[in-house]
Amino acid sequence: MSDEILPAITGEILTDDAALDRAGNDWGDLVHARPRLVVRPASVIDVAAVLRFAVARDIPVAARGAGHSPYGQGQAPGGIVLDMTSLPPRRTVTGEVVSVDAGARWRDVLDVTLPRGLTPPVLTDYLDVTVGGTLVIGGVGGAAHHHGVQTDTVVELEVVTGTGDVVTCSRDDDRELFDAMLGGLGQCGVITRACLRLVPAPARARRWKLYYDSLSAFLADQREVVRDGRFDYVEGQPLPVEGTWRYMIEAVAYYTPPASPDEETLLNSLSFLDAETSDTTYFDFLNRVAEAETLLRAEGSWFHPHPWIDTFLPDSAVEQVVTGTLAATGEAELGALGLILLYPVRADRLKTPLFKVPDGELVWLFSLLRTGSPVDPLHNARLVGLNVDLYRKVSALGGKAYPSTAVPRSTAEWREHFGSSWPLLAEAKARYSPKNLLNPGQGLRLPE
Ligand SMILES: Cc1cc2nc3c(=O)[nH]c(=O)nc-3n(C[C@H](O)[C@H](O)[C@H](O)COP(=O)(O)OP(=O)(O)OC[C@H]3O[C@@H](n4cnc5c(N)ncnc54)[C@H](O)[C@@H]3O)c2cc1C
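Residues numbered from 1 in each chain as written. Predicted model: local features only at pLDDT ≥ 70, side-chain atom pairs only at ≥ 80, totals over all residues. Heavy atoms only, no water.

### Examining the overall build of the protein
- Tallying secondary structure elements over the protein gives 15 helices and 19 strands in all.
- Its C-alpha atoms give the protein a radius of gyration of 21 Å, near enough to 22 Å, the size a compact globule of 448 residues would have.
- Expressed along its principal axes, the backbone C-alpha trace of the protein runs to roughly 70 × 50 × 45 Å.
- Out of the 448 residues in the protein, the part that is buried amounts to 58%. (Helix = DSSP H or I, 4+ residues; strand = E, 2+ residues; numbered from the N terminus. Rg over C-alpha atoms; globule rule 2.2 N^0.38 Å. Buried < 20%, exposed > 50% of the residue type's maximum accessible area, 1.4 Å probe, protein only.)

### Concerning the sheet that holds strand β1 (residues 12-14)
- In spatial order, the strands read β1-β2-β4-β3; together these 4 strands make up an open sheet with mixed pairing. Bordering the open sheet on either side are β1 and β3 (61-64), each of which pairs with just one other strand. When the angles between neighbouring strand axes are averaged without regard to direction, this sheet yields 25 degrees.
- Packing against the sheet, helix α2 (residues 44-57) makes contact with β2 (37-40), β3 and β4 (80-83), and its axis sits at approximately 170 degrees to β4. (Pairing = 2+ DSSP bridges. Axes fitted to C-alpha atoms, helices over the stretch in contact; angles between N-to-C directions. Contact = heavy atoms within 4.5 Å.)

### Things to note about the packing of aromatic side chains
- Inspection of every chain in the model, using the stated rule, returns 13 aromatic pairs.
- Ring centres of Tyr233 and Phe285 lie 4.9 Å apart, and the angle between their planes is 90 degrees; on these two criteria the pair is classed as edge-to-face. Taken together, the positions of Tyr233 in strand β13 (residues 233-241) and Phe285 in helix α9 (residues 282-286) put the pair 52 residues apart, joining distant regions of the chain.
- One aromatic cluster is present, built from ring pairs that chain together Trp27, Tyr126, Trp302 and Trp308. (Phe/Tyr/Trp six-rings, centres within 6.5 Å; stacked < 30°, edge-to-face > 60°.)

### As for the nonpolar core
- If you look at the biggest cluster of nonpolar residues, it comprises 70 residues, and the most contacted ones within it are Trp106, Leu135 and Leu157.
- Sorting elements by how many residues they give to this core places helix α15 (residues 422-432) first, with 5 residues.
- What Leu157 contacts, discounting residues up to four positions off in sequence, is Leu135, Val167, Thr168, Cys169, Phe178, Met181, Leu182, Ile191, Arg193 and Ala194.
- Residues Val234, Val318, Ile340 and Leu342 belong to the second largest nonpolar core, which totals 38 residues. (Core = buried A, V, L, I, M, F, W, Y, C linked by side-chain atoms within 4.5 Å.)

### Describing the site of the ligand
- In the vicinity of the ligand there are 32 residues, among which Ala63, Gly65, Ser69, Thr130 and Tyr402 approach most closely.
- One of the backbone N or O atoms of Ile191 is found 2.9 Å from a nitrogen atom in the ligand.
- One nitrogen or oxygen atom from the side chain of Asn439 is found 3.1 Å from an oxygen atom belonging to the ligand.
- The protein chains hide 94% of the 970 Å² of surface that the ligand would expose on its own.
- When contributions to the shell around the ligand are tallied by element, the ones reaching two or more residues are β3, α4 (131-135) and β10 (189-197).
- Split into classes, the residues belonging to the shell around the ligand amount to 14 nonpolar, 16 polar and 2 charged.
- When residues are assigned to domains, the shell around the ligand turns out to be shared by domain 1 (12-83) and domain 2 (92-200), each giving three or more. (Near = heavy atom within 4 Å. Polar contact = N/O pair within 3.5 Å; in protein donor to acceptor, adjacent residues only side chain to side chain. Areas by Shrake-Rupley, 256 points an atom, 1.4 Å probe, with all protein chains shown as cover. Nonpolar A, V, L, I, M, F, W, Y, C, P; charged D, E, K, R; others polar. Domains from an automatic or database assignment.)

### A few points about the state of the cysteines
- Summed over the entire model, instances satisfying the criterion amount to 0 disulfides.
- As a non-bridged cysteine, Cys188 has Cys169 as the owner of its nearest cysteine sulfur, 10 Å distant. (Disulfide = S-S within 2.5 Å.)

### Some words on the packing of helix α7 (residues 215-228) against helix α11 (residues 318-327)
- Between α7 and α11, the shortest axis-to-axis distance is 11 Å and the interhelical angle comes to 140 degrees. Put simply, α7 runs oblique to α11. In terms of crossing hand, the pair formed by α7 and α11 is right-handed. On α11, the residues that touch Leu215, Ser216, Leu219 and Arg223 of α7 are Val318, Glu319, Val322 and Thr323.
- Of the residues belonging to the contact of α7 with α11, the class tally is 4 nonpolar, 2 polar and 2 charged. (Parallel < 35°, antiparallel > 145°, perpendicular 65-115°, else oblique. Left-handed = near helix turned anticlockwise from the far one by under 90°.)

### Points about the sheet that holds strand β5 (residues 92-94)
- Pairing is antiparallel across the open sheet formed by 5 strands, whose spatial order is β5-β6-β10-β8-β9. Strands with a single pairing partner mark the edges of an open sheet, and in this sheet they are β5 and β9 (166-170). Shown here is a sheet whose adjacent strand axes are inclined to one another by a mean of 20 degrees, direction ignored.
- Bridge analysis of strand β8 (residues 154-161) against β10 gives 7 bridges, and the strand direction is antiparallel. Looking across to β10, one finds that Val159 is bridged to Ile191.

### Overview of the pairing of β4
- Of the two faces of β4, the one holding Ile80 and Leu82 and the one holding Val81 and Asp83 are both buried throughout.
- As paired elements, β2 and β4 share 3 bridges and run parallel to each other. Bridge assignment links Val38 to a residue of β4, and that residue is Val81.
- For β3 and β4, the ladder comprises 4 bridges, and the chain directions are parallel. Bridging from a neighbouring strand, Val61 pairs with Ile80 of β4.

### Topic: the pairing of strand β6 (residues 97-101)
- The buried fraction of β6 amounts to 4 of the 5 residues, a majority that puts the element mostly inside the structure.
- Bridge count for β5 against β6 is 3 bridges, and the pairing is antiparallel. In the strand pairing of β6, Thr94 is matched with Val97.
- Hairpin connection from β5 to β6: 2 residues lie between these consecutive antiparallel strands, with Gly95 at a positive phi of about 60 degrees.
- The pairing of β6 with β10 spans 5 bridges and is antiparallel. By the bridge assignment, Val97 is partnered in β10 with Arg197.

Below, the structure is given as structure tokens:
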């Protein structure tokens, strides 16, 4: 790849060490593979020109959103990284649909929808990941038990396929590509624009933190509130407290005054031991991780390695897996600022063919969000090893690992992950990106 044969584009081509180092790292800080070039496209035409250039020369290409992957998923060793955040903002609301460039962060989406009284129905806990980066994996949040994941809210996509063609696809047009892009790890193309369904935005959010000292009581109450849908948002966390574990349900009711949530009805029948209540604007609730981010940036651990694992457990195995995992997890494994998430989602709300969860009425997101060591790679390798052990255990029990996970995965494991939907992805990849050049950091190559 020399400068003479690079495609003529209107965006920027970067080859300086700072740009290559940045593109060769991510949130995980565990996999480091520099590309040869970073391209900051200024248009869809630039993206198509780069893909055609790369395909003709067998050069791997990765689209990069906010770079918040934990294990090199957005890296392109020796290839080209397309920095999707450089696409010019194209953000418009028409009726109850927003159209955004794929490099927009969910915060940017809210910037254009909230002034119109609208919101995406489900948001990630952290608003600074991009639309493209989450739509290729799913996009889970505390409202998923009502609305499914973010891929379930997509109306239309503009995609540059792995052969350099620009295609607009939806449920009605080019359905094969549409289904293969949502949750399809960016194997068939690069998303350049997405149209997303919106719902009316509430003004405020009242949040209850409900505390338990029994795992089974905590699980039973989560099952109940997710089944009856009494809250708008439900997540939960096991919390390490003085050498043991407590559990906390985070349950939120959205409202717009003069209406207000009826606390007695909402908390009726639940068996928590203590409760804390807070009330904020809807946006401040959605943006709650920003405060923690500021603190962690100042304290430094925001920049430390993050050997994170997110899994989905079948309801039948949740108590067994969580009990075993917590018994083996101390502060040394979690890291002082680590976090564990545990909450159920109703499987009947999940419609995206490539978003894979275990069988059953309820599935549990179980995430170990550990902070690694900035100076001890062996410790971090041990934590990735623990992830692999958990991944194997969960898989043996019918569970799945969410794609945004610090576990190296082979094509055979992806085939197993996608199960009955594998032909959908494999056939679309053979058609739209037969040279296996896109998003190589996901570890999926065809034929195996
Ligand atoms: C603090 C924090 C909180 C999080 N909370 C949640 C949460 O609540 N729910 C949840 O679901 N996830 C959550 N995540 C995980 C996060 O959503 C995923 O890791 C996501 O993939 C990161 O998006 P990104 O924009 O940083 O993408 P990147 O890390 O840059 O890329 C992710 C993958 O998408 C590909 N990609 C990126 N853009 C495109 C595109 N336009 N077209 C095709 N492929 C593309 C990349 O090649 C890569 O394979 C969180 C992550 C962090 C760090």
